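What follows is the residue order along each chain.
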Amino acid sequence: MTTTKHALQIVIDDVGWFTGHDESKQNRPFRTGVNRKHVLQDYIAIAELGKRLGVRPVIAMVIGDWDRDNILKDITGATWDGDKWDNRENIKQYQTQLESIIDFLNNNQDYFEISMHGLQHEYWTNGMMTRSQYFDHNKYREGNGKFMRPYDIVNSHVDAFFKILDRNGVKAKVRTIVPPNFNYECGENGNAGDMSKILKNYGLEYVNTPFSMLQGAPDSTLHYEEAGLTFIDRGPDDIRWNATNIWPTKDVHRPTFGLHWANILGANHADNLGVVDKWVAFFQGQVAKGNITLAKDIKECAEQLMQA
Ligand SMILES: [Zn+2]
């Protein structure tokens, strides 16, 4: 049994969708799997978790729904509609929520850290969805490396992420990426280093993903450096991505606790804060048991990991 007490970073994936409906069977995104619209109260739940624990959870954002100028119609693979992409009605329907969410995000960043996940999470070729946005999971399965999407296309996706944040007036220093579906390739083979170089150019510093999915990383380590980025092992998630009204019960000894937005929410948003209570009690219990400390933010998590 490990005796290392990690400074644990909480990482929450898939934040930002306007609605949670899973349309993956229709060649559209999985989203959060929550069968309702996402509302301001779902962001308040995140901030409440951070505030009560005194930490900044990383929120890995999916920002394609926020495209006000239809810039994604010119980005290869970004949506199921290709160059027919028209997001105006989606924005119009969500406008009131969106304005209050942006305001909330800009005014509560002591309690979470806006981070990168992607645009619509997956990649589309002639309307057909494949996993995932930056890396081709089918090629990853073949195990020969070289499964990054073309460099220029990936670069345009990363660029669009920042353009959409800017266009919406979201102020954030984005330091961390959680790659969608956890796909990432590094090391000496294949397209090694290309993704890291792109991210470094956009100011990113950290990659958080399970190292079991990180092709090219050395075995038996919890952190790794490439192209000026620090990779932090997320380990396995304990809770299913789309489960609501749920909280962990298993002891944790990892440097990262990865979860998905749905997990800290209620199926009904009125239940959110009751669910957050349970999460707060869980993490406080883990600290009291001496299993972990809580990293204030991703930087503290990385620094403690590198000293251990
Ligand atoms: Zn995700």
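Above this note sits the structure.
What comes next concerns the included structure. (Residues numbered from 1 in each chain as written. Predicted model: local features only at pLDDT ≥ 70, side-chain atom pairs only at ≥ 80, totals over all residues.)

Regarding its fold elements, the protein chain presents seven helices and 13 strands. The principal-axis extents of the C-alpha atoms in the protein chain amount to approximately 55 × 50 × 35 Å. Expressed as a percentage of its 308 residues, the buried residues of the protein chain come to 44%. Long-range pairs, those at least 24 residues apart, make up 73% of the contacts in the protein chain between residues at least 6 apart in sequence. (Helix = DSSP H or I, 4+ residues; strand = E, 2+ residues; numbered from the N terminus. Buried ≥ 20, exposed ≤ 12 C-beta atoms within 10 Å, placed from the backbone. Contact = placed C-beta atoms within 7 Å.)

Position of Asp159 relative to the elements: it lies in helix H4 (residues 151-167). On the basis of neighbour count, Asp159 is assigned to the partly exposed category, with 15 C-beta atoms found within 10 Å. Residues Asp159 and Ile75, spaced 84 residues apart in sequence, show a C-alpha to C-alpha distance of 9.9 Å.

Pairing of strand S10 (residues 223-226) with strand S11 (residues 229-233), which is carried by four bridges, proceeds in the antiparallel orientation. Across the sheet, residue His223 finds its bridge partner in S11, namely Ile232. Counting the residues between successive antiparallel strands, the hairpin from S10 to S11 contains two residues, one of them, Ala227, with a positive phi of roughly 50°. (Pairing = 2+ DSSP bridges.)

On to helix H2 (residues 88-107), then. At 3.6 residues per turn, the α-helix brings residues three or four places apart onto the same side. Given a rise of 1.5 Å per residue, 20 residues ought to cover 28 Å, and the 26 Å separating the end C-alpha atoms of H2 matches this to within 8%. Its axis deflected by about 70° at Gln95, H2 carries its strongest bend there. (Expected span 1.5 Å × (residues − 1). Bend = angle between axes of the 7 residues up to and from the residue.)

A few words now on the packing of helix H1 (residues 40-53) against helix H6 (residues 272-288). Two elements in contact, H1 and H6, have axes whose closest approach is 10 Å; the angle formed by their N-to-C orientations is 25°. Looking at the two axes, H1 sits roughly parallel to H6. Read as a crossing pair, H1 and H6 show a hand that is right-handed. Contact with H1, carried on its side by Gln41, Asp42, Ala45, Glu48, Leu49, Arg52 and Leu53, involves Asn272, Leu273, Val276, Trp279, Val280 and Phe283 of H6 and no other residues of that element. (Axes fitted to C-alpha atoms, helices over the stretch in contact; angles between N-to-C directions. Parallel < 35°, antiparallel > 145°, perpendicular 65-115°, else oblique. Left-handed = near helix turned anticlockwise from the far one by under 90°.)

Another point: unusual backbone geometry. Each neighbour pair has its own omega, and for Arg131 with Ser132 the value is -10°, a cis peptide bond. Mapped onto the elements of the fold, Ser132 is located in the loop between strand S5 (128-130) and helix H3 (137-142). Within the chain, Asn126 stands out as a residue other than glycine whose phi angle is a positive 50°. As for its placement among the helices and strands, Asn126 is situated in the loop between strand S4 (123-125) and S5. Its 6 C-beta neighbours within 10 Å are what place Asn126 among the exposed residues. Backbone geometry at Asn181 places phi at a positive 60°, although glycine is not the residue there. The class for Asn181 is partly exposed, based on 19 C-beta atoms found within 10 Å.

What follows deals with the pairing of strand S12 (residues 256-260). With five of its five residues buried, S12 lies for the most part within the structure. Burial along S12 is two-sided: the face carrying Thr256, Gly258 and His260 and the face carrying Phe257 and Leu259 are both buried. Bridge count between strand S1 (residues 6-15) and S12: five bridges; the pairing is parallel. Along S12, the bridge assignment pairs Ile10 with Phe257.

Since 21 C-beta atoms lie within 10 Å of it, Ser132 is described here as buried. For the pair Ser132 and Val62, spaced 70 residues apart in sequence, the C-alpha separation works out to 13 Å. If we skip the residues at most four places from it in the chain, Ser132 touches His121, Glu122, Tyr123, His137, Pro180, Asn181 and Asn183.

This paragraph deals with the nonpolar core. Ranked by internal contacts, the top residues of the largest apolar core, which has 75 residues, are Ile12, Ile46, Ile59, Ala60 and Ile264. In contact with Ala60, not counting residues within four places along its chain, are Val11, Ile12, Asp13, Asp14, Val15, Ser115, Met116, His117 and Val178. (Core = buried A, V, L, I, M, F, W, Y, C linked by C-beta atoms within 7 Å.)

Turning next to H4. In a regular helix each residue adds 1.5 Å, so 17 residues correspond to 24 Å; H4 covers 24 Å between its end C-alpha atoms and thus fits that length. Of all the residues in H4, the buried ones are Val154, Ser156, His157, Val158, Ala160, Phe161, Ile164 and Leu165. The inward-facing, buried residues of H4 contact strand S3 (113-118) and helix H5 (194-201). Of the residues trailing H4, Gly169 is marked for its positive phi of about 75°.

Mapped onto the elements of the fold, Ile246 is located in the loop between S11 and S12. Counting along the chain gives 30 residues from Ile246 to Val276, while the straight-line C-alpha distance between them is 9.4 Å.

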